[in-house]
Amino acid sequence: MSEQVIANEGFVQRLLSVVGVHSLVSSVWGYVDTTIRWAWIPSWLPSWCPTSQIQLQTAEDKMLRCVDSTFLKKYVPISDGNQLWTLTFCSEHVKAKTPLVLLHGFGGGVGLWAQNLDALSQRRPLFAKDLLGFGQSSRPQFSTDAQKAENQFVESIEQWRAKLGLESMILLGHNLGGYLAMSYSIKYPGRVKHVVLVEPWGFPERQDTVEADRPIPVWIKALGAMFSPFNPLAGLRLVGPLGPTLVQTLRPDFKRKFSSMFSDNTVSEYIYHLNVQSPSGETAFKNLTVPYGWAKRPMLQRMDQLHPEIPITIIYGSRSSIDSNSGITVKEMRPNSHVEIIGLCSECDSAIMF
């Protein structure tokens, strides 16, 4: 095989990987060794997406520069050579209390807790970590099976806990982090003192009646079918150098939500660098879903497996895109357990939301 052929195959492999079509990548180029596939991409060529691990780290540092509390940053090693990037807040007067562990949502990272870290670290030890496959944590290949992929996330949390020597913890999860917090609590109830779910994703079953009441246009279904093989954020990587501008244009709310901390594009730049790295956790999330973002394994189907003594607090913001009916259902399913549902007013959303 000539060097030019290998170079061409490597280029196509990189392009497909950027888009996130991993099954197609595997079937077409699986016979070529990983090292060879990448070795012949000239080092002097600029990356299609203007990002790097160093740029992500710099963007996170900018997000955290307004945090007044003292904290430590480190990688916590887990199995298979993976590491979870972790922020630790633990002042002397709270170190004996049960720690609070923050699990961010899909496409997020520890920097998005910037508005909450000072307040949440005042009463107990606080840990914020990038989930496996996201942020500055390792980005391994996840199983294509939904249950196995979910278990990879859950086991990474347990290995992280054991490595830090935490006997028990309060889990606070947002979006995907809420789904994983509940999954972890079901499997390891002895390690969880309380579960706080902030607009949790993945609880209800897919509602077929929604389509019956409000039929989805054929053209939207066609687009959905066309893009179903791709990862959720493939388009952000596909546009390459236009990505940062795309984030700023399509999601101006990021800047507004952090307006008390930043007047520039610090937040959108962080969001961009978080989500144009290797789409590891993103691919895992896609494998957890069915079309239109519903969970393959809805959490409401498993709520009866959660230990009845574990209290649950569910928080919804006034502008939430997550249906609060799931919270009501959880409360109805656990009549003899503590379930509290909190709705935040628009003026209070920034106190816990991001």
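All figures in this text were calculated on a predicted structure; none of them were measured in a lab. (Residues numbered from 1 in each chain as written. Predicted model: local features only at pLDDT ≥ 70, side-chain atom pairs only at ≥ 80, totals over all residues. Heavy atoms only, no water.)

## Here we look at the nonpolar core
In summary, soluble globular proteins display a tendency toward joint burial of nonpolar side chains. Among the nonpolar cores identified, the biggest contains 46 residues, and Trp 160, Met 182, Met 303 and Ile 312 are the most heavily contacted of them. Elements that contribute at least two residues to this core include exactly β3 (100-103), α6 (146-164), β5 (169-174), α7 (176-187), β6 (192-198), α14 (280-287) and β7 (312-316). If one sorts the elements of this core by residue count, α7 sits on top with seven residues. What Met 182 contacts, discounting residues up to four positions off in sequence, is Val 195, Leu 197, Phe 203, Met 299, Met 303, Leu 306 and Ile 312. (Core = buried A, V, L, I, M, F, W, Y, C linked by side-chain atoms within 4.5 Å. Buried < 20%, exposed > 50% of the residue type's maximum accessible area, 1.4 Å probe, protein only. Helix = DSSP H or I, 4+ residues; strand = E, 2+ residues; numbered from the N terminus. Contact = heavy atoms within 4.5 Å.)

## Focus: the sheet that holds β7
In space, the eight strands of this open sheet follow the order β1-β2-β4-β3-β5-β6-β7-β8, with mixed pairing throughout. Strands with a single pairing partner mark the edges of an open sheet, and in this sheet they are β1 (72-77) and β8 (339-343). Averaged over all neighbouring strand pairs, the angle between strand axes comes to 20°, with direction disregarded. The strands touched by α6 are β1, β2 (83-89), β3, β4 (126-129) and β5; relative to β1, the strand with the most contacts, the crossing angle is about 115°. Running over the sheet, α7 touches β3, β5, β6 and β7 and is turned about 145° from β5. (Pairing = 2+ DSSP bridges. Axes fitted to C-alpha atoms, helices over the stretch in contact; angles between N-to-C directions.)

## Focus on helix α15 (residues 325-333)
Within α15 the residues assigned to the buried category are Ser 326, Gly 327 and Val 330. Buried residues of α15, seen end-on, are gathered within an arc of 100° and therefore sit on one face of the element. The inward-facing, buried residues of α15 contact β7 and β8. (Arc of directions from axis to C-beta.)

## Comments concerning unusual backbone geometry
The phi angle at Asn 175 is positive, at roughly 60°, despite the residue not being glycine. When you line up the elements, Asn 175 lands in the loop between β5 and α7. We classify Asn 175 as buried; its relative accessible area is 18%. Its identity is not glycine, yet Glu 199 carries a phi of approximately 45°, on the positive side. Secondary-structure assignment places Glu 199 in the loop between β6 and α8 (208-213).

## Observations concerning α7
Between its first and last C-alpha, α7 extends 17 Å over 12 residues, near the 16 Å set by a 1.5 Å rise per residue. With 11 of 12 residues buried, α7 is to be regarded as a mostly interior element. Turning to α7, its buried residues are Leu 176, Gly 177, Gly 178, Tyr 179, Leu 180, Ala 181, Met 182, Ser 183, Tyr 184, Ser 185 and Ile 186. Residues of α7 that are buried make contact with β3, α6, β5, β6, α14 and β7. (Expected span 1.5 Å × (residues − 1).)

## Some details on the environment of Val 101
If you trace the backbone, Val 101 turns up in strand β3. Overall, Val 101 belongs to the buried group, its relative accessible area being 0%. In this structure, Val 101 is in contact with Phe 127, Trp 160, Leu 166, Met 169, Ile 170, Leu 171 and Leu 172, ignoring residues within four places of it in sequence.

## Here we look at the pairing of β1
Bridge analysis of β1 against β2 gives six bridges, and the strand direction is antiparallel. Directly across from Val 76, in β2, lies its bridge partner Leu 84.

## Considering the packing of aromatic side chains
One pass over the full model with this rule turns up 11 aromatic pairs. Measuring from ring centre to ring centre gives 6.5 Å for Phe 134 and Phe 153, while their planes differ by 15°; the resulting arrangement is stacked. Separated by 19 residues along the polypeptide, Phe 134 in the loop between β4 and α6 and Phe 153 in helix α6 bring together distant segments of the chain. Of the two residues examined, Phe 134 and Phe 153, each falls in the buried class. Judged by centre distance (4.7 Å) and plane angle (35°), the rings of Phe 142 and Phe 153 are tilted. Here Phe 142, found in the loop between β4 and α6, pairs with Phe 153, found in helix α6; they are 11 residues apart in sequence, far enough to count as distant. Judged on exposure class, the residue Phe 142 and its partner Phe 153 are both buried. An aromatic cluster is defined as three or more aromatic residues linked by ring pairs; in this entry it consists of Phe 106, Phe 134, Phe 142, Phe 153, Tyr 179, Trp 201 and Phe 285. One residue, Lys 129, lies across the ring of Trp 160, its end atom 5.4 Å from the ring centre. (Phe/Tyr/Trp six-rings, centres within 6.5 Å; stacked < 30°, edge-to-face > 60°. Lys NZ or Arg CZ within 6 Å of the ring centre and 35° of its normal.)

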